[in-house]
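Geometric and topological summary
Chain residues, written in single-letter form:
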Amino acid sequence: MVVPAARGAGMAGRLLRHGMGWAARRGARQILLEVRPDNLAALALYRSHGFDQIARRNHYYGTGEDALVMSASLESCAEDTTSTAGSNEERHV
């Protein structure tokens, strides 16, 4: 989660790309997440980073609200982020 004052500056996208690259460099090939269907900003972010909806979990949240399950391939992430392996950014994010 990005604090409201920092939203719109691209921080969520940078964190997501960094996490995806980190997982890919460690051998992960796919990443999954759950998101509330009404979280339009998160859905747009995830879709812009290659996530597709693969399922819906009924009554997933304690409020009885469903969750969308999204998945993305990490194949290109490992190739795109090899130059940052071992950098200070990787160790401190």
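Details of the structure are given in the entry above.
Residues numbered from 1 in each chain as written. Predicted model: local features only at pLDDT ≥ 70, side-chain atom pairs only at ≥ 80, totals over all residues. Heavy atoms only, no water.

All right, on to the sheet that holds strand E3 (residues 67-73) then. As summarised here, the arrangement of the three strands in space is E1-E3-E2, forming an open sheet in which the pairing is antiparallel. Each of the sheet's edge strands pairs with one partner strand only, and the pair in question is strand E1 (30-35) and strand E2 (52-57). On average, each strand axis in the sheet is inclined to that of its neighbour by 25 degrees, with strand direction left out of account. Looking at chain direction, E2 and E3 are connected through five bridges and run antiparallel. When the sheet's bridge partners are listed, Ala 55 is paired in E3 with Val 69. (Pairing = 2+ DSSP bridges. Helix = DSSP H or I, 4+ residues; strand = E, 2+ residues; numbered from the N terminus. Axes fitted to C-alpha atoms, helices over the stretch in contact; angles between N-to-C directions.)

We now examine helix H2 (residues 40-48). Since there are 3.6 residues in each turn of an α-helix, residues three or four apart along the chain are aligned in direction. Among the residues of H2, Ala 42, Leu 43, Leu 45 and Tyr 46 are the ones counted as buried. The buried residues of H2 occupy an angular sector of 165 degrees when the element is viewed end-on, so they sit on one face. Turned more than 90 degrees away from the buried face of H2, the exposed residues are Leu 40, Ala 41 and Ser 48. Contact partners of the buried residues in H2: helix H1 (11-25), E1 and E3. (Buried < 20%, exposed > 50% of the residue type's maximum accessible area, 1.4 Å probe, protein only. Arc of directions from axis to C-beta. Contact = heavy atoms within 4.5 Å.)

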